[in-house]
Each structure stands twice: as structure tokens, then as C-alpha cells.
Amino acid sequence: MPASPPDIDIPRRFNFASAVIERRRAAGDGARLAYRCPERTWTFDELAGLAAGVSRALIALGVRRENRVLIALPDSAEFVAAFLGAQLAGAVAVPCNTFLGPQEYAYFLAESRATLMVTHTAIAQALAPAIAAARDLSAVLVVDADADTGLTRAWTQWVDPSALAPPPDTHRDAPAFWLWTSGSTGQPKAAVHAHQDWPWCCEGFGVGVLQIAPDDHVFSAAKLFHAYGLGNGLAFPWWTGASASLLPDRPLPASVAGVLTRDRPTVFMGVPTLYAALVRTLAEDPGPARSLRLAVSAGESLPPEVYRRWRDVTGVELLDAPGSTEVLHCYLSPRPGDVVPGSVGRPVPGYAMRIVDEHGHDVAPGVIGELLVQGRSTATAYWQRRDETTAKMRGRWFASGDQYRMDDEGRYWHIGRTDDMFKVSGEWVAATEVEAALATHAAVVECAVVPEPDESGVLKPRAVVVLAAGTVVDAALADVLKSHVRGLLAGYKVPRTIDIADELPKTATGKIQRFKLRR
């Protein structure tokens, strides 16, 4: 059953960017702090003006209603202005991962058929061949360019912060932005989201669960090009009036701790691998976390041991809140003050869950099955992926591809991705369960478990482990770790092989890419 739905009245003619800008003006927040960036601070009025200037520049450069505008920028005021400005112009904002290479950007340009790209000089130069080959691209708006040349248009010459935004005339169900799925096993797919999608996430999770308010300051280590980061760092602040910090660089533990120290946020959002690393960084001095009232983990299952270490070191509650690009943000979450380590809590207000077997029938509490999610923020389709759209978006329900069980108290427990589960001796093994057991050993910082055939072709668990600094690596270490897991789990779940690595392969958003570890 869904939690109480948010009370939102979204008119048929609705533009998300225009709505949140007007929301802040109506609340009298124009002169209040919106963002802290490394180089300066920005008020809501300043960002609204910049977004209006972007919208007028896009129209002047030939962008028309529902044209795609590719955004390849680090987390910055310019990213926020480009995302909102594209929607003010009636166009579709398409944020892209900024940690990729020319081949990936060439794919984004071709797949989106973007008519305009907003980026930096360094990215534009690296993409010169792809830009030249993009048949639909008419201009590249470059935020740090000095002058127009070729397809390049200089931001300072085209974006006038004193310009007025065009009157918005978009339907609430019209496409407003795309978000790329992680593409961990193939080319990314674009989930097409409408103007009305963000308000449901903002009210359900941002307000209903996190209770974000104007006196909060938010810092999301997850990037704006990712659904989780876009909600944390852009949608939630503009909807609630909270301020936020933006970190343009990779979210490494030292730089993240630096922002925590400098800006004193009250709500922090990260991913499990970052929390595992931050625990080590903050162990000697938890001071950077003292301003926090709440922390959120998403993007991948949070091992209970990481939760315990974080709570022990910082004293800050950590909510493990899964979501997806397709449903846009978090749809399950513990409530503050009601965290059970290992559980992802209950449905976010406005969302409903079903757990079904392979035939699509609902299962009883305690039985594992695939999670189906219902919520108003779900994407309308995958772009040019009809078969995948019909397979995953089943009427009002979205098939998550994740295995869950619900206990007798209505709490949900994530078992693993369907494609990260495998059978050993005829019994199912969830990679995340074995990883969580390994993570309870003091020598293990993070780990990943994958199936590997033995000499007879039978699948057995194999673990790849990143060790804590100072750990003695000798012939006995693997046996020690195996014995540790054997004391916690059934024997068939114990890794037959344990390999040591300096780091694990991850996506730009911090998800472990287990498929790259398979041999």
C-alpha cells in the first residue's frame, strides 16, 4: 500500500523551472543564499536571472520547443542555469556524465540528436571530431569561451542575466529532461521525464521523509548529472528554499570533508563506497560531520557494517534509501529515528510497492521476489527503446529488477539485483549478502562478490577485497576472511577465492561494476 500521497495540485499547463523560480519569489527568498560554490555564492534571484538569460540565448541560437539541449558541465551555477534555462525555453535538458571520454559523448550527441550543447572549453576541444560529425548540432555554448568561433558561442556574449524568461507554455506531461541510466552492462538508455515529475519526489522524499526546510543547507556528493544528485542538489533546494553546496570536482573523501568543514551543511547525501571511505577520513576527527542532522545513502545497497561504522564515528543517522533513474529519486526509506541496519525502511509518501514472483504474483511477507514500484514521478518511456519500455514500465508499475523481501512489520530488505544473484549447490546466493558479511571484518574496507565457475564449470562465489591500510597480506589472510564469513553465513555462500585489489571498478556515481570483475 502507498504511504499517504503528497498533496500537490499540478495544473495542465506547467513548467517545472518556472514553477520553482516563482515559488522562491513568492516566498520572498530571492535575496537568500541559494548556492555556495568554490569561487562565490549565489542567491536565488541571481540564479533565476542566469536561467532566464540562458533560455533567451537558446531561443536566439535556434533551439525550439522540445529540442534536446545536451549539458556537459561540472556541478556549478552554470549547470543549474542551463538545466532550468532549457526548460524555460520549452526545450529538453539532457545532463551528461562529465567523467567520460569522447566516444561516450559522441554516443550522447547521436542518440539525443541535440541541437545545442552547453559545456566547457576542455570538453568541447576533446569532442571536436564528435561535434563536427553531429548532424543536428547547430551551436555549442561554452561557459568559459572568450569569443564566438565556428560552432562555439561564448556564454558571456549570449547569456544576459537581466533578460526576461519567455512566458512558459508547456504541458505537465511534456518532456522536460532526460536522464541516462548507468549503462553498467551496455550503452546508456535515456529515461524521458516530464515537467510534473520532480514535485512528487520533492514533496514525498525531500519534505515528507528528510523534512528539508529553508533553514537547511544541503550537500550532495552525488553529481547533478545523476538522478539522485539532481534531486538533492537542484530540485530539493529550489522546491523548499534550502541552500546547497556544489563541488565541481570528483567527490573524493578529502574534498568532501573539506566542503563539510567549510560550509557546515545540515543534510548530506552520498553513496555507500564514499561513506566507507569517509569513515576512515573522519575516524580521527569527526568534526566535519558535526553540523549534520541527517545523512542519506543511495545508488547501491548500504552494508549494515558501513552504517554502524558511520554512526559510531559521527553520531549522525544514515538513511539507506534506494531509488532509480526511471522513478527519478528514492522510493523506499527508513524514517529518521526508525533505522534498522540492513533495512531500507518503508515506502516514501506517494509510492506503492509490490513484491512478485516470476509469474507476476504477489508473494507473502518474508518471501523474496522482484520489486515493482508505482509512483507519479516515473519516466514516460526509454527514448527509442520500445521493447525495454514495455518490459520495464508495466502500466502503472515499474519493474525495478531488484530482489526484495518485506518483513512482518512492513519494512523492506534489499537482497540484490536480479543479475547479481546466482545459484551455488542449487541455492540462491546474493552478492550483497556475502559482501555485507565480509565488510564486518576490520581488515575489509570494501568488497565485491561475483560468480566464478570452478574447474568443473560449477559456479562458486569469488570475492575481490580492498583492505584497510596496514593490513598484513600473507598466505593466511584469505583463510581468515573465509572463516569470518563462514561464522556468519551458510557454507555454500563462503567465497572459494578471495583476491586483493587496490580499488574496485565503479561507475561515475559510485556503483560497483561487478560485471568487470567476472573472468
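The shown structure was predicted, so the numbers you read here are calculated from the model rather than taken from an experiment.

Caption draft 1: A look at the side chain of Ser 245. Examined against the element boundaries, Ser 245 turns out to sit in strand S11 (residues 243-245). Within the local environment of Ser 245, its side chain forms a polar contact with the side chain of Asp 263, the two groups lying 2.5 Å apart. Those residues within four positions of Ser 245 in sequence are excluded, and the remaining contacts are Arg 36, His 217, Val 218, Phe 219, Val 259 and Asp 263.

Caption draft 2: Summary view of the sheet that holds strand S25 (residues 444-453). Taken together, 3 strands build an open sheet; the order of strands is S25-S26-S27 and the sheet is mixed. Strands at the two margins of the open sheet, each flanked by one partner only, are S25 and strand S27 (497-500). Averaged over all pairs of adjacent strands, the angle between strand axes in this sheet comes to 25°, irrespective of strand direction. Docked against the sheet, helix H14 (residues 431-439) engages S25 and strand S26 (459-467), running at close to 140° with respect to S25.

Caption draft 3: View of the packing of helix H11 (residues 272-282) against helix H12 (residues 304-314). Remark: H11 packs on H12, axes separated minimally by 9 Å, with the N-to-C direction vectors making an angle of 35°. Both H11 and H12 take part in a crossing whose hand is left-handed. Contacts from Pro 272, Tyr 275, Ala 276, Leu 278, Val 279 and Leu 282 in H11 reach Val 306, Arg 309, Trp 310, Val 313 and Thr 314 in H12. Residues that form the contact of H11 with H12 fall into these classes: 9 nonpolar, 1 polar and 1 charged.

Caption draft 4: A look at the pattern of salt bridges. Going through the model one piece at a time under the given rule, you end up with 29 salt bridges. For Arg 13, the salt bridge goes to Asp 169, with nearest N and O atoms at 2.9 Å. You can see Arg 13 sitting in the segment before helix H1 (16-26) and its partner Asp 169 sitting in the loop between helix H7 (155-158) and strand S8 (175-180), a full 156 residues away along the chain. Classification of Arg 13 as partly exposed rests on a relative accessible area of 48%. In this structure, Arg 417 and Asp 402 form a salt bridge, with 3.2 Å as the shortest nitrogen-oxygen distance. With a gap of 15 residues between them, Arg 417 in strand S22 (residues 412-417) and Asp 402 in strand S21 (residues 397-406) connect regions that are remote in the sequence. Taking relative accessible area as the criterion, Asp 402 reaches 10% and is therefore assigned buried. Among the charged side chains, a salt-bridge network with shared partners connects Glu 300, Asp 420, Glu 435, Arg 514 and Arg 518.

Caption draft 5: Highlighting empty space enclosed by the protein. For the structure on display, the rule yields 2 cavities of 30 Å³ or more. In this structure, the largest cavity spans a volume of roughly 60 Å³. Around the largest cavity, the lining residues are Leu 302, Tyr 307, Leu 318, Leu 319, Asp 320, Pro 334, Val 339, Val 340, Pro 341, Gly 342 and Ser 343. Its residues placed into classes, the lining of the largest cavity shows 8 nonpolar, 2 polar and 1 charged. Computed from the structure, the second largest cavity encloses a volume of approximately 30 Å³.

Caption draft 6: Looking closely at unusual backbone geometry. The phi torsion at Arg 264 lies on the positive side, around 55°, for a residue other than glycine. Structurally, Arg 264 is set in the loop between helix H10 (253-263) and strand S12 (267-270).

Caption draft 7: Looking closely at the environment of Glu 409. With respect to the helices and strands, Glu 409 occurs in the loop between S21 and S22. When its relative accessible area of 54% is taken as the criterion, Glu 409 is described as exposed. A C-alpha to C-alpha distance of 28 Å links Glu 409 and Thr 314, two positions 95 residues apart in sequence. Among the polar contacts listed, one links the side chain of Glu 409 to the side chain of Arg 411, at a separation of 2.5 Å.

Caption draft 8: Layout of the pairing of S25. Taking burial as the measure, the 10 residues of S25 include 9 buried ones, the bulk of the element. Both S25 and S26 contribute to a ladder of 9 bridges, which runs antiparallel. Bridge pairing in S26 links Val 449 to Ala 463.

Conventions we followed
Residues numbered from 1 in each chain as written. Predicted model: local features only at pLDDT ≥ 70, side-chain atom pairs only at ≥ 80, totals over all residues. Heavy atoms only, no water. Helix = DSSP H or I, 4+ residues; strand = E, 2+ residues; numbered from the N terminus. Polar contact = N/O pair within 3.5 Å; in protein donor to acceptor, adjacent residues only side chain to side chain. Contact = heavy atoms within 4.5 Å. Pairing = 2+ DSSP bridges. Axes fitted to C-alpha atoms, helices over the stretch in contact; angles between N-to-C directions. Left-handed = near helix turned anticlockwise from the far one by under 90°. Nonpolar A, V, L, I, M, F, W, Y, C, P; charged D, E, K, R; others polar. Salt bridge = Lys/Arg side-chain N within 4 Å of Asp/Glu carboxyl O. Buried < 20%, exposed > 50% of the residue type's maximum accessible area, 1.4 Å probe, protein only. 1 Å grid on protein atoms, 1.4 Å probe; cavity = no way out; pocket = protein on both sides within 12 Å on 5 of 7 lines; lining within 4 Å. Points joined across faces, edges and corners; volume = space filled by probe spheres on them.

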